[in-house]
Amino acid sequence: MKTLIAGSLLTLSLVFSAGAHAIVDSFAIGFSPRTGDVAVDAQLGDINVFARGNTDGFIDDVVVSYGAPRYLVREYYVDRRWAPGDIYYACALAYQLGRPCLEILNIYERDHGQGWGAIAQRLGIKPGSPAFHSLKGRVGQGHGKMRGNGGGRPQAQGGGSARMSAAPGPGNGGGRPAPAGGPGGGQGKGKGKDKGGR
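Residues numbered from 1 in each chain as written. Predicted model: local features only at pLDDT ≥ 70, side-chain atom pairs only at ≥ 80, totals over all residues. Heavy atoms only, no water.

Caption draft 1: Quick look at the state of the cysteines. Taken as a whole and assessed by the stated rule, the structure comprises one disulfide. Residue pairing for Cys-91: its cysteine sulfur links by disulfide to Cys-101, the two sulfurs lying 2.0 Å apart. When the S-S torsion is -70°, as for the bridge of Cys-91 with Cys-101, the disulfide is left-handed. In this pair, Cys-91 sits in helix H5 (residues 84-97) while Cys-101 sits in helix H6 (residues 101-111), placing the two residues ten residues apart along the sequence. Cys-91 sits in the buried class, given a relative accessible area of 1%. (Disulfide = S-S within 2.5 Å. Helix = DSSP H or I, 4+ residues; strand = E, 2+ residues; numbered from the N terminus. Buried < 20%, exposed > 50% of the residue type's maximum accessible area, 1.4 Å probe, protein only.)

Structure follows, in structure tokens:
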């Protein structure tokens, strides 16, 4: 009897595991984010693979890096079965623009046929612009962390990055991230500007 129960539990766990892997495998096949940059597209595909083996790590990274609400990231990934690369890019784009992640997810849900590149451009991030390079750098940093060569995880509490603030950020009530470089918003003559990937 114990052998039968153990065998049944093993079979059920394999079925559920295979189902979860099949969901993520479907992200890998035919995944085409069309960001306008081949390297970023490949990095988002790698993020899909990372999330397959580390759902909580993926969710944690999006929450800590971009201030997206945990429930929102989990809902889009687990319940709605969105590709992790699309969720990651939506929240990275939202952070870059100082908008809530949910707003960008809604835009992509409505206009995903255009691809991320067209959506980002429509929202004001032109290909080759400093904002585009900054966004590309953020995605590259997240990709590096998930692949294990990105220099560690961002801090969630106490002394986090210079761009995080106590005020509500994108994805968790609105607002803009605190600008780097102190007073003046880091927009002076090269002082405090985010060089992100250039």
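Having seen the model, we can carry on.
Caption draft 2: Structural view of the nonpolar core. Formed by 41 residues in total, the largest nonpolar core has its most connected members in Leu-44, Phe-58, Val-73, Tyr-88, Leu-93, Ile-104 and Trp-116. For this core, the element with the highest residue contribution is H5, accounting for ten residues. When neighbours within four sequence positions are excluded, Ile-104 is seen to be in contact with Ala-90, Leu-93, Ala-94, Leu-97, Arg-99, Trp-116 and Leu-123. (Core = buried A, V, L, I, M, F, W, Y, C linked by side-chain atoms within 4.5 Å. Contact = heavy atoms within 4.5 Å.)

Caption draft 3: Representation of the environment of Gly-142. Along the chain, Gly-142 turns up in helix H8 (residues 130-147). Residues Gly-142 and Asp-61, 81 residues apart in the sequence, show an inter-C-alpha distance of 7.6 Å.

Caption draft 4: The arrangement of the pattern of salt bridges in detail. If you walk through the whole model with that rule in mind, you get ten salt bridges. Across the pair Glu-75 and Arg-80 runs a salt bridge, and its minimum N-O distance is 3.0 Å. For Glu-75, a relative accessible area of 25% puts it in the partly exposed group. On the basis of relative accessible area, Arg-80 is assigned to the partly exposed category, the value being 37%. The closest approach of N and O atoms between Arg-99 and Glu-103, which form a salt bridge, is 3.0 Å. Overall, the relative accessible area of 27% leaves Arg-99 in the partly exposed class. One salt-bridge network, held together by shared partners, links Glu-75, Arg-80 and Glu-109. (Salt bridge = Lys/Arg side-chain N within 4 Å of Asp/Glu carboxyl O.)

Caption draft 5: Just H8, in detail. Under the 1.5 Å per step criterion, the end-to-end length of H8 is 25 Å for 18 residues, consistent within 8% with the ideal 26 Å. Close packing links the buried residues of H8 with helix H2 (38-53), helix H3 (55-66) and H5. Backbone geometry just downstream of H8 places Gly-148 in the positive-phi region, at approximately 90°. (Expected span 1.5 Å × (residues − 1).)

Caption draft 6: Examining the packing of H6 against helix H7 (residues 115-122) more closely. For the pair H6 and H7, the least separation of the axes is 11 Å and the interaxial angle reads 125°. In this view, H6 runs oblique relative to H7, as classed from their interaxial angle. H6 and H7 meet at a crossing whose hand is right-handed. Of the residues in H7, those in contact with Ile-104, Ile-107, Tyr-108, Arg-110 and Asp-111 of H6 are Gly-115, Trp-116, Ile-119 and Arg-122. Looking at the contact of H6 with H7 residue by residue, the classes come out as five nonpolar, one polar and three charged. (Axes fitted to C-alpha atoms, helices over the stretch in contact; angles between N-to-C directions. Parallel < 35°, antiparallel > 145°, perpendicular 65-115°, else oblique. Left-handed = near helix turned anticlockwise from the far one by under 90°. Nonpolar A, V, L, I, M, F, W, Y, C, P; charged D, E, K, R; others polar.)

Caption draft 7: Here's a closer look at the side chain of His-143. Looking at where His-143 falls in the secondary structure, it is placed in helix H8. What His-143 contacts, discounting residues up to four positions off in sequence, is Gln-43 and Asp-46.

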